[in-house]
Protein chains: 2
Amino acid sequence: MYRLQKSEYIQHFPINKYFSYNVESYVEVFEYKVGDWIIEEGMNSNYLFYIHTGKAKVFVTHQNGKMALINIVGAGEFLGDMELLHEQYYSKAVQAISTMIVFAIPFKPCREPLLEDAKFLKQLAIYISEKATDMTAKYSQRLAFPLENRLAEFILQTAVDDIYREKHVLVCDYLGVSYRHLLFTLAQFCEEDILAKDGRNYRIRNKSRLIGLSEILK
Amino acid sequence: MYRLQKSEYIQHFPINKYFSYNVESYVEVFEYKVGDWIIEEGMNSNYLFYIHTGKAKVFVTHQNGKMALINIVGAGEFLGDMELLHEQYYSKAVQAISTMIVFAIPFKPCREPLLEDAKFLKQLAIYISEKATDMTAKYSQRLAFPLENRLAEFILQTAVDDIYREKHVLVCDYLGVSYRHLLFTLAQFCEEDILAKDGRNYRIRNKSRLIGLSEILK
DNA sequence: ACAATAATATGAGATATCTCATATTTTGCA
DNA sequence: TGCAAAATATGAGATATCTCATATTATTGT
């Protein structure tokens, strides 16, 4: 994690939209590289984050110790909002998929004032409700389509430099299909020359086809 | 819709949890019967509702004019929260499944103060975030189970006096399966003597079996 | 009262996806 | 270094669910 000069980024932070008090002076700007952990599981997060650039995976660890991918988040989204609202919240782990630039508002001086700022709370409620609406729409639409389409979208979301290298176990859990079927569909993509297997990874060979498959979801 | 004396209900309304200002004097208590419309689609809703007793269906009408069931809500939940947060929100229709008693806070005098009440907004944000978490959990778990289980739950939720009489078209849309398959599964239930077909309706003959099937979802 | 539309109903074949069985390879760790 | 566990891989048969075709029965508007 790197600390950046905020001057050049701060103008992109919708401060007036979200806050009625002057939070700007507390805001820090961080940069993360692929694979960096923005939030570690179960730790008390110390910041409310707002994603300026990049995307990240959100994980939770089950009782059995298995890590499960539960979401992918991107620019314009908050991280740490749950921790802010719920006194003791078991944080989910968050890991950068691509280079990320985030605004970070430290809980230490800002938590109390944020939770008393009606403008912020109203916007936060709107944000959460919109996200919930999105999620619901996503989930219900999703059921209607075969794995092919959802996998295409997932590959596009998670591939780094056109190389897809996710663990199958995690993915079939996330997409709600069997391991067998996931492998089957990946094999199909290779057969259709959409992907090419490269040892343990898959290289994207026909991105527009993937985009086509994933766009059907919208 | 009937207006009830609030004195006997008001004590069950978690006013202290949700509001920092005295909203009690504005609260009204309404009762609805099965089939009554609490909110009509597209109308500007005039109240923020809190469900004290009963459950209701939430509908939206698509471009093609078809009504789609999108949710079922019950005690402890809010209605009209979206309308409160979003200046112009296209209300979804809400219809009582059972006798309902709701607390109604009129927007006219209360909207402004509510949107400036940090305590209320914080609790609302928490409520919405918890609901979102629930929904997400529901949706993802749900994919894992065959229609049998989800249908069992749905029948229990919507049957009135042990009679199930939903439109199939609505239901297969809501549950995300084909019409054909829904009919198939209903026929199965009849064959197993869980339901009995009674003209166009279905009578529940083995409720505990239905409960068993639906509990697998949790 | 009748025609048009919507809802119900059922059959048959196709397909997406699952389960189970089993083998090989990689990885973590003592 | 080597063993146990995890991850990858593939086959074959089962099943949940879909699509399409086609009838019959309600409902609705004019």
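Draft legend 1. Examining the interface of chain A and chain B more closely. Listed per partner, the contact involves 23 residues of chain A and 23 residues of chain B. At the level of elements, α2 (81-85) and α4 (118-143) of chain A are the ones that each hand at least two residues to the side of chain A that touches chain B. The element contributing the most residues to the side of chain A that touches chain B is α4 of chain A, with 15 residues. Each residue belonging to the side of chain A that touches chain B can be placed in one class, and the counts come to 14 nonpolar, 5 polar and 4 charged.

Draft legend 2. Molecular detail of the nonpolar core. In this structure, Ile38, Phe49 and Ala125 of chain A together with Ile38, Phe49 and Ala125 of chain B are the most contacted members of the largest nonpolar core, which totals 69 residues. Setting aside chain neighbours within four positions, we find Ile38 of chain A in contact with Tyr32, Phe49, Ala56, Leu79, Val94, Gln95, Ala96 and Val102 of chain A.

Draft legend 3. Here's a closer look at the protein's contact with DNA strand C. In the region of DNA strand C, 14 residues are neighbours, and Leu147, Ser178, Arg180 and His181 of chain A together with His168 of chain B sit closest. A breakdown of the residues in the surface near DNA strand C according to their chemical character gives 7 nonpolar, 3 polar and 4 charged.

Draft legend 4. Spatial organisation of the sheet that holds strand β12 (residues 201-204) of chain A. Residue and element names in this part refer to chain A. The 3 strands are arranged β10-β12-β11 in an open sheet whose pairing can be described as antiparallel. Two strands in the sheet have a free side with no partner beyond their single neighbour: β10 (163-164) and β11 (195-198). Note that β10 and β12 share 2 bridges and pair antiparallel. Looking at the pairing, Tyr164 lines up with Tyr202 of β12. Across the sheet, helix α7 (residues 179-191) is in contact with β11 and β12; its angle to β11 comes to roughly 110 degrees.

Draft legend 5. Seen up close, α4 of chain A. Here α4 of chain A spans 38 Å end to end across 26 residues, near enough to the 38 Å set by a 1.5 Å rise per residue. Residues of α4 of chain A that are buried include every one of Phe120, Leu121, Lys122, Leu124, Ala125, Ile128 and Ser129 of chain A, and no others. Considering only its buried residues, α4 of chain A is in contact with α1 (15-18), α2 and α3 (107-115) of chain A together with α2 (81-85), α3 (107-115) and α4 (118-143) of chain B.

Draft legend 6. Examining unusual backbone geometry more closely. The phi torsion at Asp161 of chain A lies on the positive side, around 50 degrees, for a residue other than glycine. Within the fold, Asp161 of chain A resides in the loop between α5 (147-158) and β10.

Draft legend 7. Fine view of the environment of Arg205 of chain B. All names here are of chain B. Turning to its location among the elements, Arg205 is positioned in the loop between β12 (201-204) and α8 (207-215). Sequence-wise, Arg205 and Glu192 are 13 residues apart; in three dimensions their C-alpha atoms are separated by 9.9 Å. When neighbours within four sequence positions are excluded, Arg205 is seen to be in contact with Asp193, Ile194, Leu195 and Ala196.

Scoring rules and cut-offs
Residues numbered from 1 in each chain as written. Chains lettered and ligands numbered in written order. Predicted model: local features only at pLDDT ≥ 70, side-chain atom pairs only at ≥ 80, totals over all residues. Contact = placed C-beta atoms within 7 Å. Helix = DSSP H or I, 4+ residues; strand = E, 2+ residues; numbered from the N terminus. Nonpolar A, V, L, I, M, F, W, Y, C, P; charged D, E, K, R; others polar. Core = buried A, V, L, I, M, F, W, Y, C linked by C-beta atoms within 7 Å. Buried ≥ 20, exposed ≤ 12 C-beta atoms within 10 Å, placed from the backbone. Near = placed C-beta within 6 Å. Pairing = 2+ DSSP bridges. Axes fitted to C-alpha atoms, helices over the stretch in contact; angles between N-to-C directions. Expected span 1.5 Å × (residues − 1).

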